[in-house]
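Remarks on the overall topology
Next come the chains, spelled out residue by residue.
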Amino acid sequence: MSVPLPYYLCLSALLFTIGAVGVLTRRNAIVVFMCIELMLNSVNLTLIAFSSFLQDMTGQVLVFFVMAVAAAEAAVGLAIVIALFRNKQTVNIDEMNILKW
Amino acid sequence: MAHELIGLAIILPLAGFVINGLLGRKLKSEMLIGIIGSATVGIGFLIASYIFVEMLGSPVSERVHIVQFFPWITAGSLSVNVAYQVDQLSILMTLIVTGVGFLIHVYSIGYMRGDPGFWRFFAYLNLFIFAMLNLVLADNFLLLFLGWEGVGLCSYLLIGFWYDRKFEKGTTGDAAKKAFIFNRIGDFGFLIGMFLVFQTFGSLDFRSVFPEAAAFPVGVPVITWMTLALFLGATGKSAQIPLFVWLPDAMAGPTPVSALIHAATMVTAGVYMVARCSVLFALAPVTLLIVAIVGAATALMAATIGLVQNDIKKVLAYSTVSQLGYMFLGLGVGAFGAGLFHLLTHAFFKALLFLGSGAVIHALHEEQDIQKMGGLKSHLPVTARTFLVGAIAIAGIPPLSGFFSKDEILWKAFSAGYWPLWIAGFLGAGLTAFYMIRLYSLTFEGKERWGQGSHPHEAPLTMTVPLLVLAFLSAIGGFMGIPESLGGSNALEHWLDPMFERANEILSTTHTGGESAEYVLMMLSVGVALAGMFFAWRWYSKESDVPQLLATRFSGLYRWLLNKWHVDELYDATVVSPLSKGSETLLWKGIDVGVIDGCVNGLARLVAMVSRGLRVVQTGVVQNYALLFVVGVVVILAWIIGA
C-alpha cells in the first residue's frame, strides 16, 4: 500500500550524492549553492521517511527547523554571492581563492 | 632620661629628607630649604650634646644605654630590633656626624646657591646624615649594615650630583659608579662577616655577641675569617689598600660632599666599625696585624701620590686616604682610642681643608688646578688663614690637633714593637707636611697664575663662618687628648677606655719605652714635619726651579707617582678588562647570543619551517576544503561502520 522505507532511503542517498558531487565539482557559485540545498533536502527526505516509518513526529518537526534555517541560509548565501559578483564580476569559485597565506 | 631623645636626633634628618625631597621643588626659597636641612641636623647636634653632657655627669658604669624602638625582623632564631646603643663611642661619633655635618650644611647654603638641584642636594645630605646616624648608633650588625648601605647610596647620589658634567675621561656618573662598585666589593666582605657572626654566636646584637666572643680563645680560625671579612668591608668604605681608588674619583661631587662624606664622616665608618668590633679583632691577632700593615702601607702610599697631584681636591683626597691609613694603623696596633682620636681631629681639619678648597674653587669659577692658582691670600684672607691652620694641623705641628692624635698613633705603634710600621708612618708624616704646605703655597702664595677674566672674592658669611669654627676646632681639638707625658690627662682615650676594656684585656699589649723615648719620637716627628714644611715652603711659595729639576731628574718616579702608582691601570688590566672582555666574548656573544638567543630564534625558525610545509594545504579554494571534509567524513564513517 505504501512505498517501503528503503526506496526513500535510496532516493535520499542518491540526491545527497548528486548534491555532494555538485558541490565538489561545479565552478558556478549559484550551482554549488543549489547543490547544498539539494543535500539539505535529501536529508529532510530521510527524516520524513523515518518519521513516517517510526510513527514519530519528531522527525517532521526537525524538518521544519531545517527548512527555516535553509531559508535564512539561502538569503545570506545569495547576498554573499551578489556581493562577490559586484566585486569580481564573476561567480566562478575557482577565482575566489584570496583567503590563504 | 636624655638618651631616649636619640630617636628624635635620628628621625629629624629623615624628616628633613622627606620634606625637602618631596616639596623641595615647590619651595621657592633656597633659604627655607637650607634652613630645614641645616636645622634638622643642628637639633640633632644639640640633642647629642645634651646626652653627652648628661653622660659626663653619670658614673662610668651607667653610661651605656640601649634605646629599643621596635622589632624589625624576626625569623627563626634571628631577631633584629631597631634599637640604638648610646654609649661613649657612639655619642662621640654622633657628635662628629651632627656637629661637622651641621657646619657643612650651613656652608652648602652658600656654596650651592643658585644651583638648580639645590633642594635635591639638601635632601641627599639629610638622608646621608640619617643613614650615618643609624650606622654609628645601631646596636646590632644588621642595623649598622643598613646605615652602611645607606651612606654608600648617598655617596653615590652625591658624587654623581652633577651627573651631566664631564669628569676626567667620563662623566661624574662614572665616578659615582666606580665608588659604588668598590663599596659593593667591601660590602660583600661585610655581609660574609655578618653571616659568620650570626653562625658563630647566633645573634647579631652587639651586647650579646661581644661578651660571648670574649669567651673564645685567641686566634680561633672562625673569628680570624670573620674579622678579615669585616675588614674587607672597612677597606671598601674607608678607602684602604686594595679598595682605595674610588675615593680620589669621588671628588667629582660638589665640594661640601667631599668634606662631609669623603673626609669627615662616611669614610671613617670603617674605622668606627673596627673599633666597635674591637673584641673580635683583639681575638684575631693575624687580622690586627693585617689591619696595621694595610693602614701603614696606605698611609705612606697615598702620601707619596699626594706629593705630585695638581688638582686641589685630589691632593686632599689622597691626604684623606693617607690619614685613614693612620687610623687603621692605630687600630691595628691595638690603640683603638688613638685611632678614634685621630678620626675626631681629622674630621675637623679635613672638613676645614675641603671647605677651604671649596671656597677657592668657588672664587675661581670651578678652577681646580693648583697650577692655575696662586697669590689668593690677599683676595681670600679668611679662607687662606683657616686653610693654613688646617694644613699645619694635619702636618702635625704642636699644639694643633693633628700633632697629638698622629703622634699618639705613632707612639703606640712604636712602643708596641711595630717599629717598621712606625717608620712608614713617620715618613708619611713628613710627606704629609710637605704636600699640605705645597698645596697651601701653590694656592695662596706666590704669583697670581689665574686668568685675567676672574675676579676672586671672599666667600659669603654662610661659608666663612663654618670655616672659622672648624679652624678653631682644628686648632684646639687636640687638647682633648694631650698625652700624660706632656702633662695632659689623655681625656678622650680615658673617656673611650670602657669601650675597649675587654679588647685591651685580651690583647694585653705591653708598651715598652718610657717617657724619654716618647719625647724623642715626638721631636723626630715634629722635626720631619718641619723639614717637609720648610722644603715645600722654599720650593713652592716663590718661583723656584727645584720641583721642575727634581721632576726631570727622577722623571720615572715622578710619572709613577703622577699616575698614582698605576693602580687604576693595574685593576683595569687584571680585573676590569678581563671581566668586560670575558663578558663580551663569552657571556654576551657566546651564551647570550649563542645559547639564549639561539634557543629562542631556533624555536621560531622551527615553527616557521613546519608552517612553510603546512601552508601549501591552505589553497583558498573552498572546494578543496569541502573535498577534504567529505573524504574525512567518509573515512570516519567507514571506520565506525567497519568497527
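Each chain carries its own residue numbering, running from 1 in the written order of its sequence. Each chain takes a letter, starting from A, and each ligand takes a number, starting from 1, following the order in which they are written. With pLDDT at 70 or above as the cut-off, local features in this predicted model cover only qualifying residues; side-chain atom pairs require 80 or more to be listed or tallied, and sums for whole chains, interfaces and linings still use all residues.

1. Some words on the overall build of chain A
Going by this rule: By the criteria applied, helices consist of DSSP H or I runs no shorter than four residues and strands consist of E runs no shorter than two, each listed in order from the N terminus. For the radius of gyration, the atoms used are the C-alpha atoms, and the globule rule reads 2.2 Å times the number of residues raised to 0.38. Here exposure depends only on C-beta density: within 10 Å of a residue's C-beta, 20 or more other C-beta atoms make it buried, 12 or fewer make it exposed, and intermediate numbers make it partly exposed, the C-beta atoms being placed from the backbone. Any pair of residues counts as being in contact when their C-beta atoms, constructed from backbone geometry, are within 7 Å of one another.
Secondary structure assignment for chain A yields 3 helices and 0 strands. Computed over its C-alpha atoms, the radius of gyration of chain A comes to 17 Å, more than 25% above the 13 Å expected for a compact globule of 101 residues. Dimensions along the principal axes, computed over C-alpha positions, put chain A at roughly 55 × 25 × 25 Å. The buried share of chain A, taken over its 101 residues, is 13%. Considering only intrachain contacts with a sequence separation of at least 6, the fraction spanning at least 24 residues in chain A is 49%.

2. Remarks on the domain arrangement of chain B
Stated formally: Domain segmentation is taken from an automatic or database assignment of domains.
Annotation of chain B at the domain level lists domain 1 (319-555) and domain 2 (568-642). Taking the mean C-alpha position of each, domain 1 of chain B and domain 2 of chain B sit 68 Å from one another.

3. A word on the packing of helix α2 (residues 29-54) of chain A against helix α3 (residues 58-88) of chain A
Residue and element names in this part refer to chain A. Note the following rule: Angles here are taken between N-to-C directions and fall from 0 to 180 degrees, while the axes themselves are lines fitted to C-alpha atoms, restricted in helices to the stretch in contact. Working definition: roughly parallel below 35 degrees, roughly antiparallel above 145 degrees, roughly perpendicular at 65 to 115 degrees, and oblique for all remaining angles.
Contact pair α2 / α3: the axes reach a minimum separation of 10 Å and the direction vectors enclose 180 degrees. Relative to α3, α2 is oriented roughly antiparallel. Across the interface between the two elements, A29, I30, F33, E37, L40, N44, L47, I48, F50 and S51 from α2 touch G59, Q60, L62, V63, V66, A70, A74, G77, V81 and L84 from α3.

4. Brief notes about the pairing of strand β2 (residues 78-86) of chain B
Residues and elements named next belong to chain B. Rules: For two strands to be treated as a pair, DSSP must find at least two bridges joining them.
Examined bridge by bridge, strand β1 (residues 65-75) and β2 share 9 bridges and lie antiparallel to one another. Looking across to β2, one finds that V67 is bridged to Y84. Here β1 folds back onto β2 in antiparallel fashion, the turn holding 2 residues, of which G76 has a positive phi close to 60 degrees.

5. Concerning the environment of A:G59
All names here are of chain A. Along the chain, the position of G59 falls in helix α3. Sequence separation between G59 and L45 is 14 residues; the distance between their C-alpha atoms is 9.9 Å. Not counting residues up to four positions away in its chain, the partners in contact with G59 are L47, I48, F50 and S51.

6. Comments concerning the interface of chain A and chain B
One widely used convention gives an interface's size as the accessible area the parts lose upon coming together. What counts is decided by this rule: Amino acid classes used here: Ala, Val, Leu, Ile, Met, Phe, Trp, Tyr, Cys and Pro are nonpolar; Asp, Glu, Lys and Arg are charged; the rest, including Gly, are polar.
Counting from both sides, the interface comprises 11 residues of chain A and, opposite them, 10 residues of chain B. Here the side of chain A that touches chain B is built from residues that sort into 8 nonpolar, 1 polar and 2 charged.

7. Overview of the environment of B:F52
All names here are of chain B. Relative to the assigned elements, F52 resides in helix α2 (residues 30-57). On the neighbour-count criterion, F52 (18 C-beta atoms within 10 Å) is partly exposed. Taking the C-alpha atoms as reference points, F52 and Q199, separated by 147 residues in sequence, lie 35 Å from one another.

8. Examining unusual backbone geometry
For residues other than glycine, phi is negative in most cases, and the peptide bonds are mostly trans. Residues and elements named next belong to chain B. I241 connects to P242 through a cis peptide bond whose omega is 10 degrees. Position of P242 among the secondary structure elements: in the loop between α8 (221-237) and α9 (246-249). Residue P399 is bonded to the preceding P398 through a cis peptide linkage, with omega at 5 degrees. Among the structural elements, P399 can be located in the loop between α16 (381-395) and α17 (401-415). With a phi angle near 65 degrees, E366 is a residue other than glycine that sits in the positive phi range.

9. Some remarks on helix α15 (residues 336-363) of chain B
All names here are of chain B. Rules: Between the first and last residue of a helix there are one fewer steps than residues, each counted as 1.5 Å, and that sum is the expected span. Two axes enter the definition of the bend at a residue: one is fitted to the seven residues ending there, the other to the seven starting there, and the bend is the angle between them.
When the terminal C-alpha atoms of α15 are compared, their 40 Å separation across 28 residues agrees well with the 40 Å that a helix rising 1.5 Å per residue should span. The largest bend in α15 comes to about 30 degrees, at H346. Along α15, 27 of the 28 residues are buried, which leaves the element largely enclosed by surrounding structure. At the exit of α15 stands H365, carrying a positive phi of roughly 55 degrees.

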